[in-house]
Amino acid sequence: MTLKSRRRGAALEDAILEAAWDVLIDNGYPGFTYDAVAARAGTSRPVLSRRWPQRDDLVVAAIAAYRRRHRVDVPDTGSLREDALGLLRALNADRIQMVTVAGVQLMGFFRGAGTSMNDLRASLIGPDEPQPFEVLVARAVARGELPDVPRSAVVVTMPFDLLRHDLIMTMRVIPDEKLVAIVDEAWLPLLTR
């Protein structure tokens, strides 16, 4: 007879957070309970409540863990246009599940916590962490591809903002031709004017 080894530490926490994400996807916030997560993770409710005293703490931890597991690297091809398109394509493919969860499954969370999607995003991203499109623009300036002039954050982050808007509004992956239009027809002309 083989005894199942008991998970501890990081292995247990990873299993719980993955199970929590799955429960959030499958059941939404109303069905997101300690009991449901514990059952899915193969552990007990007290194990969860010791680590995350409030259900909302576990929700945020599950979202943060998903974000870490699905981190999108900022491309560095040597071309601002190609980097921007590569980043938009990667975000488009990867973030649809996150947007669906945030847009549909978390409405009860936002209402109950008196918070918003923006507040959640701010808690997941450090205050000194540069936005991906800020990184792309800084690299393009360093290469001499763009002039070193002040630019509004609205302009610099526009591709991501437009992508996020379309993902939220359609709950679908955005067609590639729209991503190309965002970069070629809106963003690059604003950056270079």
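Look above for the structure.
Presented here is an overview of the structure given in this document. Just so it is clear, the model here is predicted, and its values are computed rather than measured.

### Here we look at the overall build of the protein chain
Part 1 of the argument: Along the backbone of the protein chain there are 12 helices and 0 strands.
Part 2 of the argument: Starting at the N terminus, the α and β elements of the protein chain follow one another as α-α-α-α-α-α-α-α-α-α-α-α.
Part 3 of the argument: Judged by the C-alpha coordinates and their principal axes, the protein chain covers about 65 × 35 × 30 Å.
Part 4 of the argument: Relative to its full complement of 193 residues, the protein chain shows a buried share of 37%.
Part 5 of the argument: In the protein chain, the share of contacts with a sequence separation of at least 24, taken over all contacts with a separation of at least 6, comes to 69%.
Part 6 of the argument: Total accessible area on the protein chain is roughly 10,700 Å²; 54% of this is exposed by carbon and sulfur atoms.

### A look at the environment of Glu13
Part 1 of the argument: Its location among the elements puts Glu13 in helix α1 (residues 9-27).
Part 2 of the argument: Separated by 52 residues in the primary sequence, Glu13 and Ala65 place their C-alpha atoms 9.9 Å from one another.

### Considerations on a nonpolar patch on the surface
Part 1 of the argument: A cluster of nonpolar side chains, Met117, Ile168 and Met169, forms an exposed patch at the surface whose accessible area comes to about 270 Å².
Part 2 of the argument: Considering the arrangement of structural elements, one finds Met117 in helix α8 (residues 117-124).

Rules used throughout
- Residues numbered from 1 in each chain as written.
- Predicted model: local features only at pLDDT ≥ 70, side-chain atom pairs only at ≥ 80, totals over all residues.
- Heavy atoms only, no water.
- Helix = DSSP H or I, 4+ residues; strand = E, 2+ residues; numbered from the N terminus.
- Buried < 20%, exposed > 50% of the residue type's maximum accessible area, 1.4 Å probe, protein only.
- Contact = heavy atoms within 4.5 Å.
- Areas by Shrake-Rupley, 256 points an atom, 1.4 Å probe, with all protein chains shown as cover.
- Patch = residues over 30% accessible without salt bridge, like charges linked within 9 Å, V, L, I, M, F, W, Y side chains within 5 Å.
- Salt bridge = Lys/Arg side-chain N within 4 Å of Asp/Glu carboxyl O.

Purely geometric numbers; function is a separate question.
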